[in-house]
Amino acid sequence: MATGTNELSGDAAPRSIRLPGIVLGVGLGGFVDGILLHQLLQWHHMLSSTNDDRIGVKYYPPNTVSGLEMNTVWDGVFHTVCWVAVLLGLGILYARVTHDRRRVWTSRVLWGWILAGWGLFNLVEGLLDHQILGIHHVYAGDQQIWWDMGFLLLGLLFLIGGHLLQRGGRPLDPGTPDAAAPRGERA
């Protein structure tokens, strides 16, 4: 039930932007991983550890032209998935938020779910690609397990931090105007 200020009992309204926030966080977290670790730092690519993988994918050494070409293609596939996740998250958010969009975009609830989604990305990608499949590691070498565990720990911290951030936000109903918001702040 909404009150005059659209504060809700329970957590019904935060759930209404939970899914788009998490999907946006997954996509944005993937972009940070791909841009920072794959492209700028060049610590790894999607298939840079397939010489030790657990599924039998052909090894494409990233220090050869043909290997870098194949890794770049798979990095592109990865970025395409991230792009689709961001578009999907934006589409769901746009469909659910019909009033006071600025209030939603500035809410701790949405940004908490985005951070939680980024943490979820790190945990799933870290467990699946680094540990289960072994197709790449955060930073390959003798100490790769520590880099991989750090990536998972960061994901867990983002997930917990995002959950706490959204819980500390003011519950809102993104489908109705906020009568308590000053006129100039309505979107």
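Fair warning: this is a prediction, and the values are worked out from it, not measured in the lab.

1. Considerations on the overall build of the protein
Turning to step 1, where the next piece is worked out: Summing up its helical and strand segments, the protein has 6 helices and 0 strands in all.
Turning to step 2, where the next piece is worked out: Seen in sequence order, the protein has helices and strands lined up from the N terminus as α-α-α-α-α-α.
Turning to step 3, where the next piece is worked out: Across the 187 residues in the protein, those meeting the buried criterion constitute 40%.
Turning to step 4, where the next piece is worked out: Within the structure as shown, the protein displays about 10100 Å² of accessible surface, and the carbon and sulfur contribution to it stands at 67%.

2. Description of the side chain of Asp 75
Turning to step 1, where the next piece is worked out: Position of Asp 75 relative to the elements: it lies in helix H3 (residues 65-96).
Turning to step 2, where the next piece is worked out: When near neighbours in sequence (up to four residues on either side) are disregarded, Asp 75 contacts His 38, His 45 and Met 46.

3. So, the pattern of salt bridges
Turning to step 1, where the next piece is worked out: Applying the stated criterion across every chain yields a total of 1 salt bridge.
Turning to step 2, where the next piece is worked out: Between Asp 100 and Arg 103 there is a salt bridge; the shortest N-O distance is 3.5 Å.
Turning to step 3, where the next piece is worked out: The exposure class of Asp 100 is buried, given its relative accessible area of 3%.

4. Details of the packing of aromatic side chains
Turning to step 1, where the next piece is worked out: A full pass over the atoms with the stated rule returns 6 aromatic pairs.
Turning to step 2, where the next piece is worked out: An angle of 50° between the planes, with centres 5.3 Å apart, marks the rings of Tyr 139 and Trp 147 as tilted.
Turning to step 3, where the next piece is worked out: Given the relative accessible area of 36%, Trp 147 is considered partly exposed.
Turning to step 4, where the next piece is worked out: Through successive ring pairs, a cluster of aromatic residues spans Trp 43, Tyr 139 and Trp 147.

5. Some words on unusual backbone geometry
Turning to step 1, where the next piece is worked out: Of note, Gln 42 is a non-glycine position whose phi angle comes to about 55°, a positive value.
Turning to step 2, where the next piece is worked out: By the secondary structure assignment, Gln 42 is in the loop between helix H2 (18-40) and H3.
Turning to step 3, where the next piece is worked out: Overall, Gln 42 belongs to the exposed group, its relative accessible area being 56%.
Turning to step 4, where the next piece is worked out: Although it is not a glycine, Asp 100 adopts a positive phi angle of roughly 50°.
Turning to step 5, where the next piece is worked out: Positionally, Asp 100 belongs in the loop between H3 and helix H4 (101-105).

6. What about H2?
Turning to step 1, where the next piece is worked out: A rise of 1.5 Å per residue sets the reference length of H2, with its 23 residues, at 33 Å; its end C-alpha atoms lie 31 Å apart and thus fit the reference within 8%.
Turning to step 2, where the next piece is worked out: By the burial criterion, the buried members of H2 are Pro 20, Gly 21, Val 23, Leu 24, Gly 25, Gly 27, Gly 29, Gly 30, Asp 33, Gly 34, Leu 37 and His 38.
Turning to step 3, where the next piece is worked out: Once H2 ends, the next one or two residues include Gln 42, with phi positive near 55°.

7. What about the confidence of the model for the protein?
Low pLDDT means the predicted coordinates in that region are not meant to be read closely.
Turning to step 1, where the next piece is worked out: Scored by pLDDT, the protein comes out at a mean of 87, with 83% of its residues at no less than 70.
Turning to step 2, where the next piece is worked out: Scored below 50 in pLDDT, residues 1-15 makes 32 contacts in the model with residues more than four places away or belonging to other chains.
Turning to step 3, where the next piece is worked out: Overall, residues 179-187 carries pLDDT values under 50, and its contacts beyond four positions in sequence, including any with other chains, amount to 14 contacts.

Cut-offs used in this document
- Residues numbered from 1 in each chain as written.
- Predicted model: local features only at pLDDT ≥ 70, side-chain atom pairs only at ≥ 80, totals over all residues.
- Heavy atoms only, no water.
- Helix = DSSP H or I, 4+ residues; strand = E, 2+ residues; numbered from the N terminus.
- Buried < 20%, exposed > 50% of the residue type's maximum accessible area, 1.4 Å probe, protein only.
- Areas by Shrake-Rupley, 256 points an atom, 1.4 Å probe, with all protein chains shown as cover.
- Contact = heavy atoms within 4.5 Å.
- Salt bridge = Lys/Arg side-chain N within 4 Å of Asp/Glu carboxyl O.
- Phe/Tyr/Trp six-rings, centres within 6.5 Å; stacked < 30°, edge-to-face > 60°.
- Expected span 1.5 Å × (residues − 1).
- pLDDT = per-residue confidence, 0-100.

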